[in-house]
Amino acid sequence: HRFTVGTGDDGTYSIKVNLNTSSGDVGYTTIYKNGAALKRVISATGGNGTGGTLTLDLVAGDYIEIYCNNSGGAGGVVYTTTQSHSFLVIERITVL
């Protein structure tokens, strides 16, 4: 997924992401800003989810991308049965 800051929306943003994985898999979540990896989180095995939180100053035209994958050992990423544990939240917390 990609989020792009619009004109006039410069500010400090909170980016929170979590993706629940199948039991037995290891999950990987990476947050990118303008194509460069900023933070990679590796989950423990067992379907507990992988994710993290990052606070960044962003200006118009900056974009955030989230990439998630897993080891695939137990059937891949779970979306439908654990939706309450899979999320992406991007919110502006202050105006620059």
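About the criteria used
Residues numbered from 1 in each chain as written. Predicted model: local features only at pLDDT ≥ 70, side-chain atom pairs only at ≥ 80, totals over all residues. Heavy atoms only, no water. Buried < 20%, exposed > 50% of the residue type's maximum accessible area, 1.4 Å probe, protein only. Helix = DSSP H or I, 4+ residues; strand = E, 2+ residues; numbered from the N terminus. Pairing = 2+ DSSP bridges. Phe/Tyr/Trp six-rings, centres within 6.5 Å; stacked < 30°, edge-to-face > 60°. pLDDT = per-residue confidence, 0-100. Salt bridge = Lys/Arg side-chain N within 4 Å of Asp/Glu carboxyl O.

## Quick notes on the pairing of strand S2 (residues 11–19)
Counted residue by residue, S2 has eight buried out of nine residues, so it is predominantly covered. Here S2 runs beside strand S7 (residues 87–95); their pairing, made up of eight bridges, is antiparallel. Across the sheet, residue Gly11 finds its bridge partner in S7, namely Val95.

## Digging into unusual backbone geometry
Its identity is not glycine, yet Asn34 carries a phi of approximately 50°, on the positive side. Here Asn34 falls in the partly exposed class, since its relative accessible area comes to 34%.

## Points about the packing of aromatic side chains
Given two aromatic rings, their pairing is described by the distance between the two centres and the angle made by the two planes. With the rule as written, the count across this model stands at two aromatic pairs. When the ring of Phe3 is compared with that of Tyr13, the centres are 5.8 Å apart and the planes differ by 55°; the resulting orientation is tilted. One end of the pair, Phe3, is in strand S1 (residues 2–4); the other, Tyr13, is in strand S2, with ten residues separating them in the sequence. Ring geometry for Tyr32 versus Tyr67: centroids 5.2 Å apart, planes at 85°, classification edge-to-face.

## Notes on the confidence of the model for the chain
For the chain, per-residue confidence averages 79 on the pLDDT scale, and residues scoring 70 or more make up 68% of the total. Of all the helices and strands in the chain, strand S4 (residues 36–42) carries the lowest mean pLDDT, 82, while S1 carries the highest, 93.

## Let's talk about the pattern of salt bridges
One pass over the full model with this rule turns up three salt bridges. The shortest N-O distance in the salt bridge between Lys16 and Glu91 comes to 3.8 Å. Taken together, the residues Lys16 in strand S2 and Glu91 in strand S7 connect sequence positions 75 residues apart.

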